[in-house]
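Close look at the chain arrangement
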Amino acid sequence: MRYLTAGESHGPGLTTIIEGLPAGMPLLAEDVNKELKRRQGGHGRGARMRIEKDQVQITAGIRHGKTLGAPVAMFVENKDWKHWETVMSIEPVPEKNEKSRRVSRPRPGHADLVGGMKYGHNDMRNVLERSSARETTVRVAAGAVAKKLLHELGIEVAGHVLEIGGTRANLTRDYAVAEIQETSEASPVRCLDGVAAEEMMQKIDDAKKNGDTIGGIVEVVVGGVPAGLGSYVQWDKKLDAKIARAIVSINAFKGAEFGVGFEAARKPGSEVMDEILWSKEDGYTRRTNNLGGFEGGMTNGMPIVVRGVMKPIPTLYKPLQSVDIDSKETFNASVERSDSCAVPAASVVAEAVVAWEVAVAVLEKFDGDRFDTLKKHVEEHRNLTKEF
């Protein structure tokens, strides 16, 4: 299973095409729209989210509420396009209009300058329109389809915010996936710790007043995962590696960790490895989940626990120093409309990309032509691993 996305931030809309879904899987537009709505929320979001009311149009691959086994095409309209029709026109425009909203002052931390150098664009709007996090809209749409597939197989995905601007949630226990889903949805910053959430919101407000931005850390937990997804036989078949790549591919994300993550470097092996248990009711389990559900690049049946770190959004309302590509003179960088903090929204994107990789791994391991046989094979596999 694979997907591609297309579209620019202020273009007519965003498109994704998914290939490789099994036939007969239930899928409705509302399954996607509820995830798109979640992405648009969160304390700290900017004016753009007051313009856009993201709704998916499914234009191919679904009939009467079920997948056909053919590619699924989805489109999300950009409502803001009406203000940018000339600037972002697909057809040629008069030269005076062509230069309107031209960007010649690259923003530090963005793709602007390097993208212009790579593709030879002397108007860096050609770069920033595609490199914008607006593209994650249809990644969330693709992830919503993956989450639907996983849900039907008894696999659930939840995300939450661990830290914003140096304020970290004080979590004294592990949370079940259903509990994470319910509690995070009730929080404006998707945090499980109400006290920390209030402090996070204050830090976001302070950053906005100061024309600044702040980042944070999000965590995704996947429950009900069968053992044996991924593989140890080649480096590029390790599922944790694929998930790490997916996390770091999210705009402004700079790192990923599983389980205790980088803390493992500071602990002895006796405090990191997860002791193996067995019971007739549950089969093989682990006493702890320090490795985040992975051993040897494969799922071990424990919940997948992965975290990603998001840097502050590089578009600042008190812009940093840059250099004009025409005159080579020092200027303050161009300012584009932006959020003061998008960490809560990014947790939804993280859910989507993790769900996608897990769904792909499921379809790589099991026959994926028909959804009914897929469900049967997954259940048979659960029983086999339990009795091993």
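None of these values were measured; they are calculated from a predicted model.

1. Quick notes on the overall build of the protein
Looking only at helices and strands, one finds eleven helices and 17 strands in the protein. Its C-alpha atoms give the protein a radius of gyration of 22 Å, near enough to 21 Å, the size a compact globule of 388 residues would have. Principal-axis analysis of the C-alpha atoms places the extent of the protein at approximately 75 × 50 × 40 Å. By sequence separation, contacts in the protein at least 24 residues apart represent 70% of the contacts at least 6 residues apart. Where the 53 positive side-chain charges of the protein centre and where its 55 negative ones centre are 2 Å apart.

2. Here we look at the packing of helix α6 (residues 136-152) against helix α10 (residues 343-365)
Where α6 contacts α10, the two axes come as close as 7 Å, and the packing angle between them is 50 degrees. Put simply, α6 runs oblique to α10. The crossing of α6 and α10 is left-handed. Seen from α6, the contacting residues are Thr136, Arg139, Val140, Ala142, Gly143, Ala146, Lys147, Leu149 and Leu150; seen from α10, they are Val348, Val349, Glu351, Ala352, Val353, Ala355, Trp356, Val358, Ala359, Val362 and Leu363. Of the residues assigned to the contact of α6 with α10, the class counts are 15 nonpolar, two polar and three charged.

3. Digging into helix α4 (residues 112-119)
Buried within α4 are the following residues: Asp112, Gly115 and Gly116. Down the axis, α4 shows its buried residues gathered within 100 degrees of arc, on one side only. Turned more than 90 degrees away from the buried face of α4, the exposed residues are Val114, Met117 and Lys118. The elements touched by buried residues of α4 are α5 (125-131). Positive backbone phi, at 75 degrees, marks glycine 120, one or two positions downstream of α4.

4. Considering the environment of alanine 144
Of note, alanine 144 is situated in helix α6. Residues alanine 144 and aspartate 123, spaced 21 residues apart in sequence, show a C-alpha to C-alpha distance of 34 Å. With near-sequence residues (within four places) excluded, alanine 144 lies in contact with Asp31, Val32 and Glu35.

5. Quick word on the UniProt feature "binding site: NADP(+)" in the protein
Mapped onto this numbering, the UniProt entry annotates "binding site: NADP(+)" at Arg39 and Arg45. Structurally, arginine 39 is set in helix α1 (residues 29-40).

6. Considerations on the pairing of strand β2 (residues 13-19)
Bridge count between strand β1 (residues 2-6) and β2: five bridges; the pairing is antiparallel. Opposite leucine 4, over in β2, you have isoleucine 17 as the bridge partner. Two successive antiparallel strands, β1 and β2, enclose a turn made up of six residues, where glycine 7 displays a positive phi of approximately 130 degrees. By the bridge criterion, six bridges tie β2 to strand β6 (residues 72-77) in an arrangement that is antiparallel. When the bridges of β6 are listed, leucine 14 appears paired with valine 76.

7. Focus on the packing of aromatic side chains
Taken as a whole, this structure holds three aromatic pairs when the rule is applied. On the numbers, 4.5 Å between centres and 70 degrees between planes, the contact of tyrosine 3 with tryptophan 356 is edge-to-face. Taken together, the positions of tyrosine 3 in strand β1 and tryptophan 356 in helix α10 put the pair 353 residues apart, joining distant regions of the chain. Using a relative accessible area of 6% as the deciding quantity, one classes tryptophan 356 as buried. Ring centres of tyrosine 284 and phenylalanine 388 lie 6.4 Å apart, and the angle between their planes is 55 degrees; this geometry places the pair in the tilted category. Residue tyrosine 284 is located in strand β12 (residues 283-286), and its partner phenylalanine 388 is located in the segment after α11 (371-387); the two are separated by 104 residues in the primary sequence. In this structure tyrosine 284 comes out as partly exposed when scored by relative accessible area, which is 37%.

8. Quick notes on the environment of glutamate 198
Residue position: glutamate 198 is located in helix α8 (residues 194-209). Glutamate 198 gets classed as exposed once you look at its relative accessible area, which sits at 52%. For the pair formed by glutamate 198 and valine 305, sequence separation is 107 residues and the distance between their alpha carbons is 25 Å.

9. Comments concerning the side chain of threonine 5
Among the secondary structure elements, threonine 5 is positioned in strand β1. A distance of 2.8 Å separates polar atoms of two side chains, one belonging to threonine 5 and the other to glutamate 135. Contact partners of threonine 5, with chain neighbours within four places excluded, come to Thr15, Thr16, Arg130, Glu135, Val138 and Arg139.

Conventions and cut-offs
- Residues numbered from 1 in each chain as written.
- Predicted model: local features only at pLDDT ≥ 70, side-chain atom pairs only at ≥ 80, totals over all residues.
- Heavy atoms only, no water.
- Helix = DSSP H or I, 4+ residues; strand = E, 2+ residues; numbered from the N terminus.
- Rg over C-alpha atoms; globule rule 2.2 N^0.38 Å.
- Contact = heavy atoms within 4.5 Å.
- Lys, Arg positive; Asp, Glu negative; His and termini not counted.
- Charge placed at Lys NZ, Arg CZ, Asp CG, Glu CD.
- Axes fitted to C-alpha atoms, helices over the stretch in contact; angles between N-to-C directions.
- Parallel < 35°, antiparallel > 145°, perpendicular 65-115°, else oblique.
- Left-handed = near helix turned anticlockwise from the far one by under 90°.
- Nonpolar A, V, L, I, M, F, W, Y, C, P; charged D, E, K, R; others polar.
- Buried < 20%, exposed > 50% of the residue type's maximum accessible area, 1.4 Å probe, protein only.
- Arc of directions from axis to C-beta.
- UniProt positions renumbered as here; feature names shortened; annotations may be inferred.
- Pairing = 2+ DSSP bridges.
- Phe/Tyr/Trp six-rings, centres within 6.5 Å; stacked < 30°, edge-to-face > 60°.
- Polar contact = N/O pair within 3.5 Å; in protein donor to acceptor, adjacent residues only side chain to side chain.

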